[in-house]
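Working through the structure, step by step
Now for the letters of each chain:
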Amino acid sequence: MEKELESLITSLKDELASCTKEADILNVKSKYVGKKSRITEILGNLKNMTVEEKRKYGSLINNTKKEMESIIASSLESLESKANITFDDTLDYDIENGSLHPVTIVAKEVTDCLKKMGFTVVSGPEMESEYYNFEALNVPKDHPARDMQDTYYLDNGMLLRTQTSDNQIRGMENYGAPLRICAPGRTFRNEDLDANHENTFFQIEGMVIDENISIENLMYVMQELLSEVFKTDLKVRLRPGFFPFTEPSYEMDMSCVICGGKGCPTCKNGGWIELIGCGMVHPNVLRAGGVDPEKYTGFAFGIGLTRLAMMKYKISDIRVLNSGDIRYLKNFDIK
Ligand code: DAH
């Protein structure tokens, strides 16, 4: 009898040792101390024993059952305390904070600055019609300017917009003149990828239409904007440019902050970065938007937001911005 009782305790301990869940322990519990367990059977047999046997084994059997119950209870307790460690909400977890994407940050800085100057922020579709992306912007079907902006033509006859300038027409249609809008957004071109070219990038468009708008106004807005974003004196230069939707047209460049103007792959060794296309809105574009060019004039500009972010955060390869590689992006430590 003593041997059997001892072996019950040993095998109970063995089985409990391999339990990892509460349910496992409860199964063992019913097997060892439940109604149909061996110990309950032995206890039941006590009444058939002689007085002498009862005296000899009675308390031993009862104590064995109590011991088994307390072994099971402490096993449940230790499982609970292990579980508490897993869910300990006082633990100081090392969860990394995220940060905003560099392009998101400059987009916000630029729109915040423009909003202070009275611009309304609008947005247009990334999947655009040829009409809004080209034709209404004075770029007819076989115009050579289309070669500069090759894009992805879709089966449904639409295209992925090559520029945020589509918002010029949509803006005039929706709000009429006078008008002061800006439109940040994603744009696409069929490019050979390198440190300076991506097929997907961001721009922000700006357009002001009113009576007596001149190039002076355009220059003022551009200067305010760049000094707000870079918070330092930068060299900028204005060159005559060509865009079918503005007349006259300009290119505004800024000195390359990656190499300090000495020349590097980002600035194609020229020391300058093309950043802003701008000019006075072409009368054909005003007409396409339903605005009377005899009464109103306007200026428009398009800024490469992706390029602006690269300059601001000294990112020398444009491709990392779309990579989604947090190991790289978190190096900017921008909050
Ligand atoms: N949409 C032009 C581009 O992507 C940039 C541009 C040039 C926008 C002149 C304008 C503008 O609004 O007036 O190259």
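For the structure itself, consult the block above.
Report on the accompanying structure. (Residues numbered from 1 in each chain as written. Predicted model: local features only at pLDDT ≥ 70, side-chain atom pairs only at ≥ 80, totals over all residues. Heavy atoms only, no water.)

Another aspect to go through is the site of the ligand. Around the ligand lies a shell of 16 residues, among which Gln163, Ser165, Arg189, Gln203 and Glu205 are the nearest. Burial of the ligand by the surrounding chains reaches 92%, relative to a free accessible area of 360 Å². In this structure, the ligand is accommodated by the largest pocket. Residue assignment for the shell around the ligand shows that the elements contributing at least two residues are strand 5 (200-210), strand 8 (272-281) and strand 9 (297-304). (Near = heavy atom within 4 Å. Areas by Shrake-Rupley, 256 points an atom, 1.4 Å probe, with all protein chains shown as cover. 1 Å grid on protein atoms, 1.4 Å probe; cavity = no way out; pocket = protein on both sides within 12 Å on 5 of 7 lines; lining within 4 Å. Sits in = over half its atoms within 2 Å of the grid points. Helix = DSSP H or I, 4+ residues; strand = E, 2+ residues; numbered from the N terminus.)

A full pass over the atoms with the stated rule returns 17 salt bridges. Across the pair Glu130 and Lys141 runs a salt bridge, and its minimum N-O distance is 3.3 Å. Taken as a pair, Glu130 in helix 6 (residues 130-133) and Lys141 in the loop between helix 6 and helix 7 (145-148) lie far apart in primary sequence, eleven residues in all. By relative accessible area, Lys141 is classed as exposed at 51%. Ionic pairing is found between Arg146 and Glu130, a salt bridge with its closest N-O pair at 2.6 Å. With Arg146 in helix 7 and Glu130 in helix 6, this pair connects stretches of sequence that are 16 residues apart. In this structure, Arg146 and Glu130 share a single accessibility class: buried. (Salt bridge = Lys/Arg side-chain N within 4 Å of Asp/Glu carboxyl O. Buried < 20%, exposed > 50% of the residue type's maximum accessible area, 1.4 Å probe, protein only.)

Across the sheet, which stays open at both edges, the seven strands sit in the order 1-4-5-9-8-7-6 with mixed pairing between neighbours. Only two strands of the sheet have a single neighbouring strand rather than two, namely strand 1 (120-121) and strand 6 (236-241). In this sheet, strand 4 (residues 179-188) lies alongside strand 1 in parallel orientation, the contact comprising two bridges. Its bridge partner being in strand 4, Thr120 is matched across the sheet by Ile181. Of the strands in this sheet, strand 1, strand 4, strand 5 and strand 9 are in contact with helix 5 (residues 102-116), which crosses strand 5 at around 5°. (Pairing = 2+ DSSP bridges. Contact = heavy atoms within 4.5 Å. Axes fitted to C-alpha atoms, helices over the stretch in contact; angles between N-to-C directions.)

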